[in-house]
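Results of the structural survey
Now for the letters of each chain:
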Amino acid sequence: MAADCNWNANNLACSNTWGILLALEELRAKFSLAGALRMDALAFWNGAASPALRALEAQALAARMDRLFVKLLQAKYEQGKTRPQALAALQAALLVAKGTVCELSVVVDEHYNFQGELK
Amino acid sequence: MSRASRIVAIVLSLALGAGSANAQDVGNAGGAPPPSPAADAPAAEPTARTAENSPADASPAEAAVEPAIAPVEAPQDDGSAGSEPSGDADDDPQGLFEPEQLSKLLDALRGSDPDEFNELLDGLSRERSLGRFLEDVNFRFKAFDAEDARDTASLGFSYDFHKALEVSPGESSSMSLVLRGRGNVAFDQRANPEDFLDTGFELHFFGARYSDVDLDALDARLADPATFDGPAEPGREPPNRFQAFFTQMADEDAELETVFADPTWNDLKHAIGDLLGDECFWDFAAHASVESNQDFSSLQYAYGLQYGMVIRDWNPDSNRTRFNLFDYPFAALRCLTGMQSDFTPSGRAWPSLLVGLDLVDPAENASREALDETDPFARARAELGMKSPLAVLDDGVVWCSLGYRYYRELDPPSAIERAGLDEQSYFAASLDFPQGWFLRYSTGTLPIDARDDSAFELGWSHSF
């Protein structure tokens, strides 16, 4: 996990990223262990596929996560952020093999404002 | 010296230079001469001598790589550098190695353990430009072992980057511009079963269709007073029910059994089933790329169109789930391993599909040049990929991944047909275990790589 990534249960981006990935069966780990998981350990990552197909799977997962953040958790986009920007950022983070779930949650935090989140 | 070899040398010298503590330790322990300034302080890192990479701070993992990186001290032999590292910012990393010295370096690296080099890479800080760059491009050392190569594994590396640079607004669909590149480079090119580098850009237009959702019913479920978690804190909006559930489970660091046993989890799964339903994600892309083998002796340009589709069904009782014939073998294994009790396939394990039509310019493609067939040609391609769980082991999932790629030249010249260059196929399978162990198999050919190779890989990866 990157040294500057703070995986914290009090951070809604962390707990929501964990919860949504767990519900989508992308990972299978309790919260404290999930932050260090790498993108290539998530269920969408197909090591036998070409990068082009993997990018397509990442796009689909990004769109799925966006839908659940917005429709299920009723999150709003951060000021100045749009849905395409959030999707592109999520997809880019998902395609970094060594990137961690914690680092993905940083991207989530940058693009989504969750209910009750301190502004 | 080939261009690829020079790139390898530069990357290695930069990487080892950034981990200068290791290089110095190696010199002392291995009896090799001390590192040259050029090897120790690449131009991009003029202030390499800092506390963070002093020998005293070398980690145990870094110390373990000493024998493997000892050959890097070879540049000192040319007499152009003193015995004391200076960290001179003007050193030219491309002037580090004479051809014969690079040859010695590569000979010494062959057969080395890639894990040791990856540990060294993992020691590079993201705070430094080199470490950040190598991580962004997914640079990893790896071992190659092919049937028709020498017995010992050959060291090499892979890279893979994918950067979305620009997007246009859109609610149900979006457009993005992507720069990408990936490839495998083996220090012994004959041992590379996937000798194929691909660099280019893509313009994507993509969107998704989900089941029609009764948003009023969903809102009512989200605000179910029976399970709503009480009033909001002063100054804050009331918490979403499922968000509150995630927060509570994360705060308690609940075991998965506890999470799955909570009634809210069941409601959550139903809500997700409603929201995603029979999901269909599509992507239409235009692209241009350069394809080559690792020493660029074969090179061609490709551009064309691509369509991709991902379908998932989040309803376990739907027809689309039941008719996922691809997943029946895996469902049988899941039954045998006790992962599931009923013999039903997964609607989330449908293969994803990519089809494309490319116009390929075979400039400098050695195989086609030999046949005097260097005109651009049209090529169709298709790929199927799927991943399905097999078992739960140590509270983790054992996954099986499959990938099949097919390339076919349209209306090829007879000389190309006779040489068997009009058609390529490639198959890869992977078993991934929870503790990082994996078993991979690949067979077939990819464009440019004319040999039909099969290779097994047994490995282990770890998150640091």
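Everything discussed here concerns the structure shown above.
Quick summary incoming for the structure in this document. (Residues numbered from 1 in each chain as written. Chains lettered and ligands numbered in written order. Predicted model: local features only at pLDDT ≥ 70, side-chain atom pairs only at ≥ 80, totals over all residues. Heavy atoms only, no water.)

**Some words on the overall build of chain A**
The following threshold applies: Strands here mean DSSP runs of E at least two residues long; helices mean DSSP runs of H or I at least four residues long; both are numbered from the N terminus. Only protein chains enter the accessibility calculation, which uses a 1.4 Å probe; a residue is then buried when its area is under 20% of its type maximum, exposed when over 50%, and partly exposed in between. We call two residues in contact whenever any of their non-hydrogen atoms come within 4.5 Å of each other. Method for areas: the Shrake-Rupley scheme with a 1.4 Å probe, in which residue coverage is limited to the protein chains shown.
From N to C terminus, chain A includes 5 helices and 2 strands. Going residue by residue from the N terminus, the α and β elements of chain A occur as α-α-α-β-α-α-β. The burial tally for chain A puts 71% of its 119 residues in the buried class. Expressed as a percentage of contacts within chain A between residues at least 6 apart in sequence, the contacts between residues at least 24 apart total 68%. In the form shown here, chain A has an accessible surface area of approximately 3,600 Å², with 49% of it arising from carbon and sulfur atoms.

**As for the state of the cysteines**
All names here are of chain A. For clarity, the threshold we go by: In this description, a disulfide is simply a cysteine sulfur pair whose atoms lie within 2.5 Å.
One pass over the full model with this rule turns up 1 disulfide over all chains. A sulfur-sulfur distance of 1.9 Å marks the disulfide that ties C5 to C102. Linking C5 and C102, the disulfide has an S-S dihedral of approximately -110 degrees and is accordingly described as left-handed. Placement of the pair is C5 in the segment before α1 (12-23) and C102 in helix α5 (residues 101-111), with a sequence separation of 97 residues. For the pair formed by C5 and C102, the shared burial category is buried.

**Notes on the packing of helix α3 (residues 51-72) of chain A against helix α4 (residues 83-94) of chain A**
All names here are of chain A. Condition: Here the axes come from fitting lines to C-alpha atoms, over the contacting stretch only for helices, and the angles between their N-to-C directions go from 0 to 180 degrees. Geometric relationships in this document are graded by angle, where less than 35 degrees denotes roughly parallel, more than 145 denotes roughly antiparallel, 65 to 115 denotes roughly perpendicular, and other angles denote oblique. Crossing handedness is defined as follows: a turn of the near helix away from the far one that is anticlockwise and smaller than a right angle gives a left-handed crossing, while the clockwise case is right-handed. Each residue receives one of three labels: charged for Asp, Glu, Lys and Arg, nonpolar for Ala, Val, Leu, Ile, Met, Phe, Trp, Tyr, Cys and Pro, and polar for the others, Gly being one of them.
Packing of α3 against α4 leaves a shortest axis separation of 8 Å and a crossing angle of 130 degrees. Taken together, the axes of α3 and α4 are oblique relative to one another. For the crossing formed where α3 meets α4, the hand is right-handed. For the pair α3 and α4, contact is made by A55, A58, Q59, L61, A62, A63, M65 and D66 and by R83, A86, L87, L90, Q91 and L94, respectively. Along the lines of polarity and charge, the residues of the contact of α3 with α4 split into 10 nonpolar, 2 polar and 2 charged.

**Details of the environment of L203 of chain B**
All names here are of chain B. Following the sequence through the fold, L203 ends up in strand β4 (residues 197-209). Put simply, L203 and H287 are 84 residues apart on the chain and 6.2 Å apart in space, counted from C-alpha to C-alpha. Ignoring any residue separated from it by four or fewer positions in sequence, one finds L203 in contact with M175, S176, L177, F284, A285 and A286.

**Topic: α3 of chain A**
All names here are of chain A. The line we're drawing: Take the residue count of a helix, subtract one, and multiply by 1.5 Å to get its expected span.
Under the 1.5 Å per step criterion, the end-to-end length of α3 is 30 Å for 22 residues, consistent within 8% with the ideal 32 Å. The buried fraction of α3 amounts to 19 of the 22 residues, a majority that puts the element mostly inside the structure. After α3 finishes, the residue Q74 shows a positive phi value of roughly 55 degrees.

**Some thoughts on the packing of aromatic side chains**
Filter applied, for reference: A pair of Phe, Tyr and Trp rings is counted when the ring centres sit within 6.5 Å of each other, with Trp represented by its six-membered ring. The angle between the planes then sorts it: under 30 degrees is stacked, over 60 is edge-to-face, the rest tilted. For a ring to carry a charge above it, either NZ of a lysine or CZ of an arginine must fall within 6 Å of the ring centroid while also lying within 35 degrees of the normal to the ring plane.
On inspection of all chains with the given rule, the structure shows 13 aromatic pairs over all chains. Measuring from ring centre to ring centre gives 5.7 Å for W18 of chain A and F31 of chain A, while their planes differ by 90 degrees; the resulting arrangement is edge-to-face. Residue W18 of chain A is located in helix α1, and its partner F31 of chain A is located in helix α2 (residues 31-34); the two are separated by 13 residues in the primary sequence. The residues W18 of chain A and F31 of chain A share a single accessibility class, namely buried. Taken together, the ring pairs connect F69, Y77, Y112 and F114 of chain A into an aromatic cluster. In this structure, K387 of chain B packs its charged tip against the face of W399 of chain B, placed 5.1 Å from the ring centre.

**Some words on the nonpolar core**
Put simply, the rule is: Buried residues of nine kinds, namely Ala, Val, Leu, Ile, Met, Phe, Trp, Tyr and Cys, make up a nonpolar core once their side-chain atoms join them within 4.5 Å.
Ranked by internal contacts, the top residues of the largest apolar core, which has 70 residues, are W18 and L72 of chain A. Of all elements in the fold, only α1, α2, α3, α4 and α5 of chain A together with α10 (241-251), α11 (256-261) and α12 (263-276) of chain B reach the threshold of two or more residues within this core. Per-element tally for this core: the top contributor is α3 of chain A, with 12 residues. Sequence-distant contacts of W18 of chain A, defined by excluding residues within four places in its chain, comprise W7, L27, A29, K30, F31 and A34 of chain A together with F246, M249, A250 and V259 of chain B.

**Focus: the side chain of K387 of chain B**
Applied cut-off: Here the positive residues are Lys and Arg and the negative ones are Asp and Glu; neither His nor the chain ends is included. Salt bridge, as applied in this entry: a Lys or Arg side-chain nitrogen positioned within 4 Å of an Asp or Glu carboxyl oxygen. Two N or O atoms form a polar contact when they lie within 3.5 Å of each other; inside protein one atom must be a possible hydrogen donor and the other a possible acceptor, and for residues adjacent in sequence the pair counts only when both atoms belong to side chains.
Mapped onto the fold, K387 of chain B is located in strand β8 (residues 377-393). Summary of buried charges: K387 of chain B has no salt-bridge partner, and the nearest side chain of opposite charge, D432 of chain B, is 5.4 Å away. At a separation of 3.1 Å, a polar atom in the side chain of K387 of chain B contacts the main-chain carbonyl oxygen of L42 of chain A. A polar side-chain atom of K387 of chain B sits 2.6 Å from the main-chain carbonyl oxygen of W45 of chain A. Apart from residues lying up to four places away in sequence, K387 of chain B is in contact with L42, A43, W45 and N46 of chain A together with A349, W399, C400 and S401 of chain B.

**Description of the interface of chain A and chain B**
As a reminder of what qualifies: By convention, the term buried area covers the 1.4 Å-probe accessible surface removed from two parts as they join, with the contributions of both added.
Across the boundary between the two partners, chain A contributes 62 residues, which contact 83 residues of chain B. The junction of chain A with chain B conceals about 6,000 Å² of combined surface from both sides, 57% of it contributed by carbon and sulfur atoms. At the boundary of chain A and chain B, one finds 7 salt bridges. One salt bridge connects E279 of chain B with R64 of chain A, and the closest N-O pair in it is separated by 2.9 Å. The tally of links between chain A and chain B comes to 21 residue pairs in polar contact (both at pLDDT 80 or more). Elements with a minimum of two residues in the side of chain A that touches chain B: α1, α2, α3 and α4 of chain A.

**Notes on the pattern of salt bridges**
Per the stated rule, a full pass over the model turns up 22 salt bridges over all chains. E25 of chain A is the salt-bridge partner of R348 of chain B, the closest N and O atoms lying 2.5 Å from each other. Of the two residues, R348 of chain B is situated in the loop between α14 (328-337) and β7 (352-361) and E25 of chain A in the loop between α1 and α2; the pairing between them involves two chains. Among the salt bridges present, the one from D160 of chain B reaches R54 of chain A, with a minimum N-O distance of 3.4 Å. Of this pair, D160 of chain B sits in strand β2 (residues 154-168) while R54 of chain A sits in helix α3, on two different chains. For D160 of chain B, a relative accessible area of 18% gives the class buried. Of the residues examined, R54 of chain A reaches a relative accessible area of 10% and is grouped as buried. Residues participating in the shared-partner salt-bridge network are E291, D358, R379 and R381 of chain B.

**Digging into the side chain of E383 of chain B**
The topology assignment puts E383 of chain B in strand β8. In terms of polar contacts, E383 of chain B uses its side chain to reach the side chain of S50 of chain A, at 2.4 Å. Sequence-distant contacts of E383 of chain B, defined by excluding residues within four places in its chain, comprise A49, S50 and L53 of chain A together with S352, L353, L354, Y404 and R405 of chain B.

**Remarks on α4 of chain A**
Residues and elements named next belong to chain A. With 12 residues, α4 ought to run about 16 Å at 1.5 Å a step, and its terminal C-alpha atoms sit 16 Å apart, in line with that. Taken across its 12 residues, α4 has 10 buried, putting it largely inside the fold. Buried within α4 are the following residues: R83, P84, A86, L87, A88, A89, L90, Q91, A93 and L94.

Worth remembering: the numbers are spatial, not functional.
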